[in-house]
Amino acid sequence: MRLIIALAVALALAAIAGGCRDAGSEQGVQVVASTTQVADITRNVAGSRAEVSGILTPNADPHEYEPRPSDAEAVAGADLILKSGGDLDAWLDQVIESSGSDAPVVTLIDAMPTLTAEENGQTETDPHWWQDPRNAVIAVGEIRDALTEADPGGAAEYKANAAAYIASIERLDGQIAGCIDRVQESERKLVTSHDALSYYAKRYGIEVIGAAIPGLSTQAQASAGETADLIDLINRENVNAIFAEAGVSQSLEQAIAGETGATVGGQLWADALGPAGSSGATYLQALAANTETMVDGFTAGQVDCRIPLD
């Protein structure tokens, strides 16, 4: 009911925003991005030429997000709309429809080599593509091209920004691989709050043992039997650490750790980036921080791997 009311109000706000769109065009290209990761990547490509507004805020759970009237207003005034894709931000489709926007919509997951997972007896596409930096490079290219189409006069700037950012992503990718290589393969066993890091795990040769919430979404719930099975698996596999995710309650992870020989490791940035000043304030910082945290947890503190960023 709250969503219906909010979107009804948004229709009026969108009409006002649409009427004012031409007046605001002098401020540059207006871009709306659904998630914190997409917004951050886009800002690095757009530079100062485009104004990028992110719908989700730091630490917000995209799986549980309820659109607000202000979202429809922002979408109505956009020259370009960027979706992460998959079930993660499917709620944006309704916002776009309600806003009456005719701006081009780019769904980044459509350009990605995706992973799948079995969930409730069905094969689902894993929406967490950005956890593999190689996919972020693909996203940069898609965003660069979309910005250029929306603003041909900025083509040279977008191209230069994209090239510089891709170089930073590829450098970080190599640094992460170097850190993970310092961890014995037998210790690279990942247990997290929910199944959000499969892309990262596949990229760097990490075995995903399981998750406290057995699903691609934080909205899933673990049964007592599933939790018991995970505890048995953690004990059999000699898992050193269970990693909680930022923005998610650690109570279940702590309970599981109490039944095993594992500890609760540091928090990982999974579905959203963190606020300014946090270790996950940007996409690159989040990946670097996650790597440092995992290496420490995998090795019970025996390996310290710090990743300096530009």
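Residues numbered from 1 in each chain as written. Predicted model: local features only at pLDDT ≥ 70, side-chain atom pairs only at ≥ 80, totals over all residues. Heavy atoms only, no water.

**Q** Mind showing me how you'd approach the pairing of strand S3 (residues 80-83) here?
**A** Moving residue by residue along a regular strand, the side chains alternate between the two faces of the sheet. Alternating residues of S3 divide into Leu80 and Leu82 and Ile81 and Lys83, and every residue in both groups is buried. Here strand S1 (residues 29-33) pairs with S3 via three bridges, running parallel. Bridged to Val31 within S3 is Leu80. Note that S3 and strand S4 (residues 105-107) share three bridges and pair parallel. (Buried < 20%, exposed > 50% of the residue type's maximum accessible area, 1.4 Å probe, protein only. Helix = DSSP H or I, 4+ residues; strand = E, 2+ residues; numbered from the N terminus. Pairing = 2+ DSSP bridges.)

**Q** Which parts of the structure should I look at to understand the sheet that holds strand S2 (residues 50-54)?
**A** What links the strands of a sheet is backbone hydrogen bonding, and the strands pair in either a parallel or an antiparallel sense. Pairing is parallel across the open sheet formed by four strands, whose spatial order is S2-S1-S3-S4. On the outer flanks of this sheet lie S2 and S4, each paired with one strand and no other. Across the sheet, the mean angle from the axis of one strand to that of its neighbour is 20°, orientation sign disregarded. Those strands touched by helix H5 (residues 92-99) are S3 and S4, and its axis lies near 160° from that of S3. (Axes fitted to C-alpha atoms, helices over the stretch in contact; angles between N-to-C directions. Contact = heavy atoms within 4.5 Å.)

**Q** Explain the state of the cysteines to me, please; I cannot follow it from the model alone.
**A** Linking two cysteines covalently through their sulfur atoms gives a disulfide. One pass over the structure, following the stated rule, counts one disulfide. Between the sulfur atoms of Cys179 and its disulfide mate Cys305 the distance is 1.7 Å. Looking down the S-S bond of the Cys179 and Cys305 bridge, the torsion is -75°, so its handedness is left-handed. With Cys179 in helix H7 (residues 155-181) and Cys305 in the segment after helix H11 (283-298), the pair connects residues that are 126 residues apart, well separated along the chain. Judged by its relative accessible area of 7%, Cys305 is buried. (Disulfide = S-S within 2.5 Å.)

**Q** Before we go on, may I ask you to explain helix H9 (residues 224-237) in this structure?
**A** Owing to its 3.6 residues per turn, the α-helix brings residues three or four apart onto one side. Here H9 is 14 residues long and its end C-alpha atoms lie 20 Å apart, about the 20 Å a rise of 1.5 Å per residue gives. All of the buried residues along H9 are Thr227, Leu230, Ile231 and Ile234. In a view along the axis of H9, the buried residues occupy a sector of 100°, so they form one face of it. Pointing more than 90 degrees away from the buried face of H9 are the exposed residues Asp229 and Arg236. Turning to H9, the residues buried within the fold contact strand S7 (189-194), strand S8 (207-213), strand S9 (241-245) and helix H10 (251-258). (Expected span 1.5 Å × (residues − 1). Arc of directions from axis to C-beta.)

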